[in-house]
Amino acid sequence: AQTVTQSQPEMSVQEAETVTLSCTYDTSESDYYLFWYKQPPSRQMILVIRQEAYKQQNATENRFSVNFQKAAKSFSLKISDSQLGDAAMYFCAYRRVASGNTPLVFGKGTRLSVIA
Amino acid sequence: SAVISQKPSRDICQRGTSLTIQCQVDSQVTMMFWYRQQPGQSLTLIATANQGSEATYESGFVIDKFPISRPNLTFSTLTVSNLSPEDSSIYLCSVTNRPMNTEAFFGQGTRLTVV
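Residues numbered from 1 in each chain as written. Chains lettered and ligands numbered in written order. Predicted model: local features only at pLDDT ≥ 70, side-chain atom pairs only at ≥ 80, totals over all residues. Heavy atoms only, no water.

Re the interface of chain A and chain B
Inclusion rule: Pairs of residues are marked as contacts when any of their non-hydrogen atoms sit within 4.5 Å. Buried surface area refers to the total accessible area, computed with a probe of radius 1.4 Å, that the two partners give up upon joining, counted for both partners together. For this analysis, a salt bridge means a side-chain nitrogen from Lys or Arg found within 4 Å of a carboxyl oxygen belonging to Asp or Glu. In protein, a polar contact requires one atom able to donate a hydrogen and another able to accept it; more generally it is a pair of N or O atoms within 3.5 Å, and residues adjacent in sequence count only if both atoms are side-chain atoms. Counting from the N terminus, the helices are DSSP H or I runs at least four residues long and the strands are E runs at least two residues long. Each residue gets one of three labels, nonpolar for Ala, Val, Leu, Ile, Met, Phe, Trp, Tyr, Cys and Pro, charged for Asp, Glu, Lys and Arg, and polar for the others, Gly among them.
In this complex, chain A contributes 20 residues to the contact, which on the side of chain B involves 24 residues. Of the roughly 1,900 Å² buried between chain A and chain B, counting both surfaces, carbon and sulfur atoms make up 49%. One can count one salt bridge joining chain A with chain B. Measuring nitrogen to oxygen at the nearest pair gives 2.6 Å for the salt bridge that ties B:Glu103 to A:Arg50. There are eight residue pairs in polar contact (both at pLDDT 80 or more) connecting chain A and chain B. Going through the elements one at a time, strand S5 (32–39), strand S6 (46–52) and strand S10 (88–96) of chain A are the ones with two or more residues in the side of chain A that touches chain B. Here the residues of the side of chain A that touches chain B sort into nine nonpolar, seven polar and four charged.

Below is the structure:
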């Protein structure tokens, strides 16, 4: 079974600084997707960034970028120029590629605080 | 993308009663996923709901406790039965985008408190 591990229960960053959230995963599959989701107090799960395992290039989305190391099964999220609105729970998630839909497997989450 | 309307957003229920949660999607989807998020925890998959067939439950979740209906390709309900305080959680439904199934979209979540 696939597992996702987030080893940092809590992180904090100064406004305008950069922070990196860690994620490792375990799978025997060669093709899969990795995601970072943000969950603010509103409970809404918001997709931050997605990475396809077959792509060597790291995904970027404005201030958010990932460091995807497939051999090491590592998938960290870097948030640049942190803003107060970035404060939330961040979940790393894995989804295997299969015919039809497959569910997400989530890590335990990292609570990010942004200090003004 | 897919837009999911989930109701109710929150409820407070007496132990021993049941709560039914509804999810309406703005497009037809094959599968819908139901997750539970216990306080301060991550999301755990309860079951996968296919239209026209019985839901598939994950280990630790049973149909008698979490019956699911999936009458058509845009709608599903999850009932949490015989409530106890341990059922106090956030429940979320989710679908993936068609046809590529590359992203998951979530309802707004239902915060259930059992007293």
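Describing the state of the cysteines
How we decide: Pairs of cysteine sulfur atoms within 2.5 Å are identified as disulfides in what follows.
Tallied over the full model, the rule gives two disulfides over all chains. With its sulfur 2.0 Å from that of its partner, A:Cys23 forms a disulfide with A:Cys92. One disulfide, between A:Cys23 and A:Cys92, carries an S-S torsion of -70° and so falls in the left-handed class. Taken together, the residues A:Cys23 in the loop between strand S3 (19–21) and strand S4 (24–26) and A:Cys92 in strand S10 connect sequence positions 69 residues apart. With no disulfide of its own, B:Cys13 lies 16 Å from the sulfur of B:Cys23, the closest cysteine sulfur.

Re the pairing of strand S8 (residues 75–80) of chain B
All names here are of chain B. Selection rule: Type-normalised accessible area, obtained with a 1.4 Å probe on protein chains alone, sets the label of each residue: buried when under 20%, exposed when over 50%, and partly exposed for intermediate values. Paired strands, in this sense, are two strands between which DSSP finds at least two bridges.
S8 sits mainly inside the fold: six of its six residues count as buried. Neither face of S8 is exposed, since Phe75, Thr77 and Thr79 on one face and Ser76, Leu78 and Val80 on the opposite face are all buried. Two elements, strand S7 (residues 68–72) and S8, share three bridges in a ladder whose sense is antiparallel. Its bridge partner lying in S8, Ile68 is registered against Leu78. Hairpin geometry of S7 and S8 is characterised by an intervening segment of two residues between the two adjacent antiparallel strands.

Examining the packing of aromatic side chains
Each aromatic ring pair is characterised by the separation of its centres together with the angle its planes make. Test applied: What counts as a ring pair is set by centres within 6.5 Å for rings of Phe, Tyr and Trp (its six-membered ring), and what kind of pair is set by the plane angle: stacked under 30 degrees, edge-to-face over 60, tilted for all other angles.
Applying the stated criterion across every chain, the model contains 14 aromatic pairs over all chains. Judged by centre distance (5.4 Å) and plane angle (85°), the ring pair of A:Tyr37 and B:Phe106 falls under edge-to-face. Linking A:Tyr37 in strand S5 with B:Phe106 in strand S10 (residues 104–106), this pair reaches from one chain into another. A relative accessible area of 6% means that B:Phe106 is categorised as buried.

A closer look at the side chain of B:Gln6
Residue and element names in this part refer to chain B. Looking at where Gln6 falls in the secondary structure, it is placed in strand S1 (residues 4–7). From its side chain, Gln6 meets the backbone nitrogen of Gly109 in a polar contact 3.1 Å long. Polar side-chain contacts of Gln6 include one of 3.0 Å to the side chain of Thr110. Setting aside anything within four residues of it in sequence, one finds Gln6 in contact with Ile21, Gln22, Cys23, Trp34, Tyr91, Leu92, Cys93, Gly107, Gln108, Gly109 and Thr110.

Regarding the nonpolar core
Note the threshold: As used in this record, nonpolar core signifies buried Ala, Val, Leu, Ile, Met, Phe, Trp, Tyr and Cys residues forming a set joined through side-chain atoms within 4.5 Å.
The biggest cluster of nonpolar side chains holds 27 residues, and the ones touching the most others in it are B:Trp34, B:Ile46, B:Phe66, B:Ile68, B:Leu78, B:Tyr91 and B:Val95. Taken together, the elements giving at least two residues each to this core come down to strand S3 (19–25), strand S4 (31–37), strand S5 (43–50), S8, strand S9 (89–96) and strand S11 (110–114) of chain B. Per-element accounting of this core gives the leading share, four residues, to S3(B). In contact with B:Tyr91, other than residues within four places in its own chain, are B:Gln6, B:Ile21, B:Tyr35, B:Arg36, B:Ile46, B:Phe66, B:Leu78, B:Val80, B:Gly109, B:Thr110 and B:Leu112. One finds A:Cys23, A:Trp36, A:Phe75 and A:Val114 within the second-largest nonpolar core, a separate group that totals 25 residues.

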